[in-house]
Amino acid sequence: MRDVTNLSGVGPALAKTLQDHGLASIDAVLSAPLASLTAVPGIGAARAARLKQAAEVHSAADSLVQPGAGGKVAKPAARAETPAKAPQPSSDEDLGAALAAAEAGRVAAEQKAAKAKAKAKKAARKAESLMAEFAEAKEKARAKAKKVKADARRAIEQEKANAKAALAELERKAKDKPNEKDNKSKSGSKSASKKKSKK
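So, here's what we can say about the structure. Just so we're clear, the structure is a prediction, and the values are computed from it rather than from any experiment. (Residues numbered from 1 in each chain as written. Predicted model: local features only at pLDDT ≥ 70, side-chain atom pairs only at ≥ 80, totals over all residues. Heavy atoms only, no water.)

What about the overall build of the protein?
Within the protein, the regular secondary structure consists of five helices and two strands. Written out in order from the N terminus, the α and β elements of the protein read α-α-α-α-β-β-α. Burial status across the protein gives 14% buried among its 199 residues. Just so you have it, the protein exposes about 15700 Å², and 59% of that area is on carbon and sulfur atoms. (Helix = DSSP H or I, 4+ residues; strand = E, 2+ residues; numbered from the N terminus. Buried < 20%, exposed > 50% of the residue type's maximum accessible area, 1.4 Å probe, protein only. Areas by Shrake-Rupley, 256 points an atom, 1.4 Å probe, with all protein chains shown as cover.)

Here it is in C-alpha cells:
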C-alpha cells in the first residue's frame with residue numbers, strides 16, 4: 001500500500017487526520033471525490049485540489065516503474081526518461097471548487113460582520129442607557145443635596161432663634177429679680193413702721 005505520507009505537503013499530523021477519515025493510502029486520496037477531502041478538518045477546496053494533484057503525479061510516477069522478471073524492477077525505456085506529464089485535474093471542477101470556497105468565505109465574512117455590527121449597536125444602546133441613568137442619578141443626587149442643605153440651613157436658623165429667645169428670657173428674668181427684692185424690702189419697711197406706730 002502506498003502510504004499517504006509519501007504525498008508532497010502531507011506531514012505526520014495531516015497524515016493522521018487523513019487516516020482517521022479512511023484516507024490512509026495515495027490510492028484512497030486519488031479515488032476520493034473533492035467533497036470527501038474537503039469534509040476532512042483542516043482541508044479546504046484549494047488544499048483538496050493540491051492533494052488530488054499530488055496523488056495523480058505520484059501515481060503517474062509509479063506507473064513508469066513496473067515489476068520485471070524475478071521480482072526485479074524494470075527500468076523504463078530510454079525515450080521514457082523524461083517523466084510523463086501528470087494529468088491535470090479538470091479545470092471546471094477546480095474552478096467550481098474555488099468559487100464555492102470563495103462564496104463560502106464571503107458568506108462567512110458577511111455573517112461575521114453582521115454579528116459584529118449588531119454587537120456594536122447593542123453596546124452603543126447599552127452605553128446610551130447607562131449615560132441616561134447616570135445623568136438621572138446625578139440630577140437626583142444634586143436635588144437631594146440641595147434639599148439637605150436647605151433643611152440644615154433652616155435647622156441652624158431655628159436653633160439660633162431658639163437660643164436668642166432663651167437668652168432674652170434669661171435677661172428678662174435677671175431684670176425682674178432686683179425689682180422683686182426692692183418690693184420685698186419696701187413691704188418689710190412698711191410693716192415695721194406700722195408696728196412702731198401702734199406702740
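Brief notes about the environment of A24
Relative to the helices and strands, A24 resides in the loop between α1 (12-20) and α2 (26-31). Considering only alpha carbons, one finds A24 and T5, 19 residues apart in sequence, at a separation of 8.4 Å.

Structural notes on the pattern of salt bridges
Tallying each qualifying case throughout the model produces seven salt bridges. For the salt bridge of K140 with E136, the shortest nitrogen-to-oxygen distance reads 3.7 Å. With K140 and E136 both in helix α5 (residues 91-198) and four residues apart, the pair spans about one turn of that helix. Judged by relative accessible area, which is 55%, K140 ranks as exposed. In this structure E136 comes out as partly exposed when scored by relative accessible area, which is 46%. With a closest N to O distance of 3.3 Å, D151 and K147 form a salt bridge. In this pair, D151 and K147 are both assigned in helix α5, four residues apart and thus about one turn of the helix distant. Judged by its relative accessible area of 29%, D151 falls in the partly exposed class. (Salt bridge = Lys/Arg side-chain N within 4 Å of Asp/Glu carboxyl O.)

With respect to the side chain of K52
Inspection of the secondary structure puts K52 in helix α4 (residues 45-63). Despite its burial, K52 pairs with no opposite charge, the nearest such side chain being E56 at 5.4 Å. Polar contacts involving the side chain of K52 include one to the main-chain carbonyl oxygen of A32, which spans 2.6 Å. Setting aside chain neighbours within four positions, we find K52 in contact with V29, L30, S31, A32, L34 and L37. (Lys, Arg positive; Asp, Glu negative; His and termini not counted. Polar contact = N/O pair within 3.5 Å; in protein donor to acceptor, adjacent residues only side chain to side chain. Contact = heavy atoms within 4.5 Å.)

Observations regarding the nonpolar core
With 21 residues, the main nonpolar core has L7, V10, L18, L23, V29 and I43 as its most contacted residues. Contributing elements (two or more residues each) for this core: α1, α2, α3 (34-38) and α4. Counting residues per element, this core draws most heavily on α4, at five residues. The residues touching V29, leaving out its near neighbours within four places in the chain, are V4, L7, L23, L37, L51, K52 and A55. (Core = buried A, V, L, I, M, F, W, Y, C linked by side-chain atoms within 4.5 Å.)

Structural notes on α1
Every buried residue belonging to α1 is among L14, A15 and L18, and all of these are buried. End-on, the buried residues of α1 take up no more than an arc of 100°, which puts them together on one face. Facing away from the buried side of α1 by over 90 degrees, the exposed positions are P12, A13, K16 and D20. Backbone geometry just after α1 places G22 at a positive phi near 75°. (Arc of directions from axis to C-beta.)

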